[in-house]
Amino acid sequence: MLAKSRLEGISARNQLAGTIERLEAIDPATTDIFVKVGEARIRARIMAKTVADLVLVPGADIFVIIKSASIE
């Protein structure tokens, strides 16, 4: 999950501050967002409508929110 600001009152404890490096359209409805967090890079797949609604662009600050239970 991505957020433009740190979220309060949620169960996810892993909120990583990063910067959007690039966006890559997968198909008309889906976009991969590549986020630099420290020396790591994280890819988040989200709906293209969300990209437009949140005005996500390269260079923008973003929080990557990860539920550790969802990682295998």
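Each remark here, short or long, concerns the structure printed above.
In short, a report on the structure. (Residues numbered from 1 in each chain as written. Predicted model: local features only at pLDDT ≥ 70, side-chain atom pairs only at ≥ 80, totals over all residues. Heavy atoms only, no water.)

### Observations concerning the pattern of salt bridges
Move 1: Within this structure, the stated rule accounts for 5 salt bridges.
Move 2: Among the salt bridges present, the one from Arg 43 reaches Asp 32, with a minimum N-O distance of 3.7 Å. One end of the pair, Arg 43, is in strand β4 (residues 40–47); the other, Asp 32, is in strand β3 (residues 30–37), and 11 residues separate them in sequence.
Move 3: Two residues, Arg 45 and Asp 32, come together in a salt bridge whose shortest N-O distance is 2.7 Å. Taken together, the positions of Arg 45 in strand β4 and Asp 32 in strand β3 put the pair 13 residues apart, joining distant regions of the chain.
Move 4: The exposure class assigned to Asp 32 is buried, which follows from its relative accessible area of 1%.
Move 5: Overlapping salt bridges, with partners in common, bring together Asp 32, Arg 43 and Arg 45 in one network. (Salt bridge = Lys/Arg side-chain N within 4 Å of Asp/Glu carboxyl O. Helix = DSSP H or I, 4+ residues; strand = E, 2+ residues; numbered from the N terminus. Buried < 20%, exposed > 50% of the residue type's maximum accessible area, 1.4 Å probe, protein only.)

### Points about the sheet that holds strand β1 (residues 2–3)
Move 1: Read across the open sheet, the 5 strands follow the order β1-β5-β2-β3-β4; overall the sheet is antiparallel. Each end of this open sheet is capped by a strand with a single partner; those strands are β1 and β4.
Move 2: Across 8 bridges, the pairing between β3 and β4 is antiparallel. Looking at β4, one finds that Lys 36 is bridged to Arg 41. (Pairing = 2+ DSSP bridges.)

### Concerning the packing of aromatic side chains
A ring pair, where both rings are aromatic, is described by two values, the distance of the centres and the angle of the planes.
Move 1: Summed over the entire model, instances satisfying the criterion amount to 0 aromatic pairs.
Move 2: Above the face of the Phe 34 ring, Arg 22 is positioned so that its terminal group lies 3.8 Å from the ring centre. (Phe/Tyr/Trp six-rings, centres within 6.5 Å; stacked < 30°, edge-to-face > 60°. Lys NZ or Arg CZ within 6 Å of the ring centre and 35° of its normal.)

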